[in-house]
Structures are given as C-alpha cells and as structure tokens.
Amino acid sequence: MERIGVLTGGGDCPGLNAVIRAVVIKAFQNNIKVVGIKNGWKGLVQTDTVDLGLDSVEDILAKGGTILGTSRTNPYKKPEDVKSVIENYKKLKLDALVAIGGEDTLGVANKLNKENKGINVVCCPKTIDNDLSATDYTFGFDTAVNIATEAIDRLRTTTESHHRVMVVEIMGRHAGWLALHSGIASGANIILIPEVPVDLDEVVAILNKRKAEGHQYSIVAAAEGAKIRTSQEVLKQQELDSFGHVRLGGIAETLAKEIEKRTGIETRTAILGHIQRGGTPSAFDRFLGTRFGLKAMDLVLAKKFGYMASLRGGDVVEVPIQDAVGTLKTVDKKLYDIAKTLFG
Ligand code: F6P
C-alpha cells in the first residue's frame, strides 16, 4: 500500500471532512500517500485530483460540506466514463480507493470493485437521509435532525402567536427518518412519512380536535416524500437525475391548501431544504465520521476490499458493500405506530 484515493459523492452532508481527515491521518501514520479525487466519480472520469497531506486536513473537522467537492455523476451512464474511471485509477497508481457516499456512490463503488480485478474499493456511509441498509446510522443524519428540530422549535413560537397551522417540509427522499426523529424531538402534532401514505381526513380530524380542545396552533412535520393516499407523489421535477431519482418537493404546499380549505384554520408552510445539509457537523457526526474513516483505513491496510465501515450497536464493524446498497432502509411501520401515539 503506497497510494490511495479518496472521494466524496452524492449530496454533501456534515461530517464528510471528519472522514477525510481520519483517512489522511491514518494513511500518513502508515506511509501511504492520499490523492483526493475532486467532485465524486466525476474527478475519476476526468482525473481531477489534489494531493492531501496532513496540512490540508488540519482545520477541517468542524467544517460542513466536503473539501473535495461532490457531484451526482454516475459513470455507469456511459460506457466510456466507466472505462475512464478504470484507466485513471491505474494512471494515478492507486492501490485502493475510499469512496464516501450514499446508496448511489456506494452502488458504483460496489460494481467497480466486483467487476474489475485490481480496482480495490472500501466505503464509508454518509447521508442526512439515514436510508442506507447495513448500518444503524449514517453520519450527517444527526446534524440534520438537530437543525430540523431547532427549526421546528422556532416555527412553533410564530405559529402559536398567529394561531395557525404550520406544515414543515423536511428532507429525506423516500425515507421518513429525518421527519420522524425531528418531529418527535420537537413535539410536532402530526408527522407524515413516505412509508405510510396519509389519509387527509385523519389529519384534518386531529387538527380539528386540537382546536376544539382549545389548542391555539398545530405543527405538521411532513417528509418531502410523504404521500397522500389516493393521490400521486408530489414532485418538484419529473426528470430523473443520472441515478434515476426524481426531485421531490411541494408536499407542504399541497397539504397546507387542503388543511386550510377543510379546517378553516389559517395555514402556512416552511420548507427547510438545504439548510438541513449545511453548516457545522454535530459532535456525534464528527465522532462517527472519524471512526468510519479510521475503520476504512483498517480495511485498506488489511487489504479487505469490497467492504464498508458500519455502525452496529456501539461498534464500528465491516459489512459487504453489497449489503448496504441492495435495498433502502426505511422506517418500520411499528416505529411509526409508536410515534402516532403522540399525535394530537
Ligand atoms: O439525499 C440527500 C438529499 O438531501 C435528499 O434528502 C434530498 O431529496 C436530495 O438530497 C436533494 O438533492 P439536491 O441537493 O441534488 O437537490
């Protein structure tokens, strides 16, 4: 092991720099050079790189985003791009690659590692959505939950003052983890998640009951992927990205219109959007990111390729990348039923 690459792909999240830092420190301790690949897989398609020494990671632990940049590039969209990735891996004389990402980035990593002898990949799981299988938590999620919780706390006072309903739209794509955790943590009166399509009559009944009981306001925490039973998923954009994802967004507006119409209560919306992904990582995400980065380096040093660092219980262990990318980890109905006991 003389030279390894590291890249961050997909949507950025707080804690990415903690992983990069841990990888560089451990590599340095083992006389291994680290090449930073810029902007995810795009940097390997184009050979856009930067050498990473100890100096480059000294002050990045508390910084959000990723010092390497990121993109949603899928090299498997074009055969010539996969070819370039493989050629450039060899041209850069890499002995291994640490790919930090979510289901899309790790899906590419898994395929590359499996299908090409000599392309050695290990992974670290990131995403604010927490929807990767084979790990209890991804880093980035904790920070996003805290941001969303604080935002809802703030929305509560203005909503209360105006005696309104506030529908808060929370990221998470097709998984309701962020909405569920921040909704429970902030005491939202109703939480809506993609895994359990919502019956509008039920929502209206809860809001009307609250009003009848003398409550002056209500907060609805809605995941961006929440679905209204009997109607289509609400999308911001129909076109698919290079990994086949639609852009979600707009559910809060749709819900707010219906709620106001049916209850007669003035209703507003707040879309938390990318604020949830930006800024300083929480201590937990710095800690988890660091542990994942160190584990990834253990795997590199042991030449154990095709594995991902994963949190299981309190332990950081290795799992096959394949186990993380097969199916999305979504919220269990039983867990949602527990949250439902708090509605109203
Ligand atoms: O996967 C992370 C995430 O923030 C999702 O929650 C959200 O739907 C999506 O990325 C937004 O992507 P973009 O930054 O490309 O708009």
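Placed above this text is the structure.
None of these values were measured; they are calculated from a predicted model.

Colleague: Where do I start with the packing of aromatic side chains in this structure?
Modeller: Scanning the entire structure with this criterion turns up 4 aromatic pairs. Centre to centre, the rings of Y137 and F141 are 5.9 Å apart; their planes meet at 25 degrees, and the pair counts as stacked. Looking at F141, the relative accessible area reads 3%, which means it is buried. Both rings, one in Y336 and one in F343, keep their centres 6.0 Å apart while their planes meet at 75 degrees; by these two values the pair is edge-to-face. Look at Y336 and you get buried, because its relative accessible area is 4%. Its relative accessible area of 16% is what places F343 among the buried residues. Here the guanidinium or amino end of K304 rests over the ring plane of Y307, the centre of that ring lying 4.9 Å away. The ring of W177 has K329 lying over it, and the distance from NZ or CZ to the ring centre is 5.6 Å.

Colleague: Is there a simple way to explain the sheet that holds strand β11 (residues 267-271) in this structure?
Modeller: Strands belonging to one sheet form pairs held by backbone hydrogen bonds; the direction of such a pair is parallel or antiparallel. The sheet built from 4 strands is open, its strands ordered β7-β8-β6-β11 with parallel pairing. Of all strands in the sheet, those bounded by a partner on one side alone are β7 (190-192) and β11. Within the sheet, the average angular offset between the axes of one strand and its neighbour, ignoring direction, is 20 degrees. In this structure, β7 lies alongside strand β8 (residues 218-223), joined through 3 bridges in parallel fashion. Considered in β8, the bridge of I190 is made with V220. Here helix α8 (residues 200-212) sits on the sheet in contact with β6 (165-170), β7 and β8, set at roughly 165 degrees to β7.

Colleague: Please clarify how the layout of surface pockets should be interpreted in this entry.
Modeller: It is a probe the size of a water molecule, rolled over the atoms, that shows where empty space is left. As a volume, the largest pocket reaches approximately 710 Å³. R72, M171, R173, E224 and R277 are the residues nearest the centre of the largest pocket, which is lined by 37 residues in total. Residue assignment for the lining of the largest pocket shows that the elements contributing at least two residues are α5 (103-115), β6, β9 (235-237) and β10 (247-248). Per element, the largest residue contribution to the lining of the largest pocket is 3 residues, and it comes from α5. When its residues are assigned to classes, the lining of the largest pocket shows 9 nonpolar, 13 polar and 15 charged. Domain assignment of the residues forming the lining of the largest pocket places at least three in each of domain 1 (3-139 + 281-325) and domain 2 (142-277).

Rules and cut-offs
- Residues numbered from 1 in each chain as written.
- Predicted model: local features only at pLDDT ≥ 70, side-chain atom pairs only at ≥ 80, totals over all residues.
- Heavy atoms only, no water.
- Phe/Tyr/Trp six-rings, centres within 6.5 Å; stacked < 30°, edge-to-face > 60°.
- Buried < 20%, exposed > 50% of the residue type's maximum accessible area, 1.4 Å probe, protein only.
- Lys NZ or Arg CZ within 6 Å of the ring centre and 35° of its normal.
- Pairing = 2+ DSSP bridges.
- Helix = DSSP H or I, 4+ residues; strand = E, 2+ residues; numbered from the N terminus.
- Axes fitted to C-alpha atoms, helices over the stretch in contact; angles between N-to-C directions.
- Contact = heavy atoms within 4.5 Å.
- 1 Å grid on protein atoms, 1.4 Å probe; cavity = no way out; pocket = protein on both sides within 12 Å on 5 of 7 lines; lining within 4 Å.
- Points joined across faces, edges and corners; volume = space filled by probe spheres on them.
- Nonpolar A, V, L, I, M, F, W, Y, C, P; charged D, E, K, R; others polar.
- Domains from an automatic or database assignment.

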